[in-house]
Structure formats: C-alpha cells, structure tokens
Amino acid sequence: FPSHDTLRWAGLDRLVQSIRETGKGRFELMITGRVFDIQNYADPFITLTGRISDHDLDKLIDEADLGVSNLANYLIDFQETTNMKSREYFMRGLPFIQANTMPDIEGSLMKEYYLLLPNNSGLLDMNRIYDFAMRMRNDKRHPAEMRVFAEKNLDWHITTGELAVSLRKEMI
C-alpha cells in the first residue's frame, strides 16, 4: 500500500487545506477510493465514497464540475506529466485542475480544459478554481471536444506508436 508521503504527491492535503482556508461554502469534494487517514478528511465539505462501482463512478463524474489531478508533484521534482488520471479526464470529458504541464496538450486548444496551478506548497487560489469550474459548467461543448481530442491524440494506440517511432530513431 502507498505511504502517506506517496499519497501527498497527488496534493490532496494541499487542496483540502486551501478549501478550509479560502474556499469554504463553495466546494464539495468527493474523494473516491481508499483513504488511510480518514480523520484528516472529516470536514463537512468532504464526502469519502470509498471504493465504488464503475457505474457509480460514471454517475459521479457526470455530476462533477471538475476533476483533480496532480497538485504536489513538486515534492518529487516533476514539472510535467502525461499521467493516466489526466488522460482519463480527457476521455470522460471532465475538465480538471493540476499543477503540472502536459506536453501532449500544451500548444493545443485543449489546454483550456484544464487549469494549470502553481506546482509548489502554497495554498491554491480557490477563487480562480471556482471561476474555472463555473466557466466549464456553462461550456456545454467541452465534454464532446475533450473526448474527440483524447481519441485522436491521447489514446494508448497512438501514443505507443509515437513512442515506437521515437525509439527507432534513437536506435539509428
């Protein structure tokens, strides 16, 4: 099982502290999966779902305004990522927040569907996150656009092919 330090890389503690200090009353945080230190997440704005079925996860994502990806990778000196969670948000059409750049998204119009936050230990700007969430809630085109982009650019068949071409070039 991952240690608490490993879980901190995702930045959940950073998000919770930011909501506690500057975002009360405007956010409802749904945490899925296993949480080891439940007492640290006993705030009224937090719901711990535990492990849920794929069907229930689909319903939750359909109702959510934002997903949350990596918010504390500064702890391991990562500045960019191509993580599975962010790709999954694109496939599901769910805008999200994170503190890493995404090299396969940067420079595309799809960058507007995730909010890039500072990759440091500071509190998150909850006003900025709230404004982003409301803008995305009112943008009815984003789910379809995100899914199409993901199918054309982020699917593992495509990225694996790109990796194979790159590796072949390195070998020559």
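A quick note: this is a predicted structure, and the numbers were derived from the prediction, not measured.

## Concerning the packing of aromatic side chains
Alright, step 1. Evaluation of the coordinates by the stated rule reveals five aromatic pairs.
Alright, step 2. A ring pair is formed by Phe90 and Phe96, whose centres lie 5.6 Å apart and whose planes are at 80 degrees; its orientation type is edge-to-face.
Alright, step 3. Its relative accessible area of 0% is what places Phe90 among the buried residues.
Alright, step 4. For Phe96, a relative accessible area of 0% gives the class buried.
Alright, step 5. With a centroid separation of 5.8 Å and an interplanar angle of 50 degrees, the aromatic rings of Phe90 and Phe149 are classed as tilted. You can see Phe90 sitting in helix α4 (residues 84-92) and its partner Phe149 sitting in helix α6 (residues 142-154), a full 59 residues away along the chain. Phe149 shares its class with Phe90; the two are buried.

## Remarks on helix α2 (residues 12-23)
Alright, step 1. Compared with an ideal rise of 1.5 Å per residue, which puts 12 residues at 16 Å, α2 spans 15 Å between its outermost C-alpha atoms and falls more than 12% short.
Alright, step 2. If you follow the buried residues of α2, they end up packed against β1 (29-32), β2 (46-50), β3 (67-68), β4 (96-98) and α5 (126-138).
Alright, step 3. Downstream of α2 by a residue or two, Gly25 has a phi angle that is positive, lying close to 85 degrees.

## Considering the nonpolar core
Alright, step 1. If you look at the biggest cluster of nonpolar residues, it comprises 34 residues, and the most contacted ones within it are Leu15, Leu29, Phe90, Ile97, Ile105 and Ile129.
Alright, step 2. At the level of secondary structure, the elements contributing two or more residues to this core comprise α2, β1, α4, β4, β5 (114-116), α5 and α6.
Alright, step 3. When sequence neighbours within four positions are dropped, the list of residues in contact with Leu29 reads Leu12, Leu15, Val16, Ile19, Phe45, Ile46 and Thr47.

## Remarks on the sheet that holds β4
Alright, step 1. Pairing is parallel across the open sheet formed by three strands, whose spatial order is β3-β4-β5. Two strands lie at the open edges of the sheet, namely β3 and β5, each paired on one side alone.
Alright, step 2. In this sheet, β5 lies alongside β4 in parallel orientation, the contact comprising three bridges. Of the residues in β5, the one forming a bridge with Ile97 is Leu115.
Alright, step 3. Docked against the sheet, α4 engages β3 and β4, running at close to 160 degrees with respect to β4.

## Things to note about the pattern of salt bridges
Alright, step 1. The full count for this structure, using the stated rule, is seven salt bridges.
Alright, step 2. Arg20 is the salt-bridge partner of Asp43, the closest N and O atoms lying 2.7 Å from each other. Note that Asp43 is positioned in the loop between β1 and β2 and Arg20 in helix α2, a separation of 23 residues in sequence.
Alright, step 3. Asp43 gets classed as buried once you look at its relative accessible area, which sits at 16%.
Alright, step 4. Residue classification places Arg20 among the partly exposed positions, given a relative accessible area of 28%.
Alright, step 5. Between Arg92 and Glu88 there is a salt bridge whose closest N-O contact spans 2.7 Å.

## A look at the side chain of Asp37
Alright, step 1. Positionally, Asp37 belongs in the loop between β1 and β2.
Alright, step 2. In this structure Asp37 is buried but unpaired, with Arg20 as the nearest side chain of opposite charge at 9.0 Å.

## Examining the packing of α4 against α6
Alright, step 1. Interaxial distance between α4 and α6 falls to 6 Å at its minimum, and their mutual angle equals 130 degrees. In terms of axis orientation, α4 runs oblique to α6. Contacts between α4 and α6 involve Arg87, Tyr89, Phe90, Met91 and Arg92 on the former and, on the latter, Met146, Arg147, Phe149, Ala150, Glu151 and Leu154.
Alright, step 2. Here the residues of the contact of α4 with α6 sort into seven nonpolar, no polar and four charged.

Analysis parameters
Residues numbered from 1 in each chain as written. Predicted model: local features only at pLDDT ≥ 70, side-chain atom pairs only at ≥ 80, totals over all residues. Heavy atoms only, no water. Phe/Tyr/Trp six-rings, centres within 6.5 Å; stacked < 30°, edge-to-face > 60°. Buried < 20%, exposed > 50% of the residue type's maximum accessible area, 1.4 Å probe, protein only. Helix = DSSP H or I, 4+ residues; strand = E, 2+ residues; numbered from the N terminus. Expected span 1.5 Å × (residues − 1). Contact = heavy atoms within 4.5 Å. Core = buried A, V, L, I, M, F, W, Y, C linked by side-chain atoms within 4.5 Å. Pairing = 2+ DSSP bridges. Axes fitted to C-alpha atoms, helices over the stretch in contact; angles between N-to-C directions. Salt bridge = Lys/Arg side-chain N within 4 Å of Asp/Glu carboxyl O. Lys, Arg positive; Asp, Glu negative; His and termini not counted. Parallel < 35°, antiparallel > 145°, perpendicular 65-115°, else oblique. Nonpolar A, V, L, I, M, F, W, Y, C, P; charged D, E, K, R; others polar.

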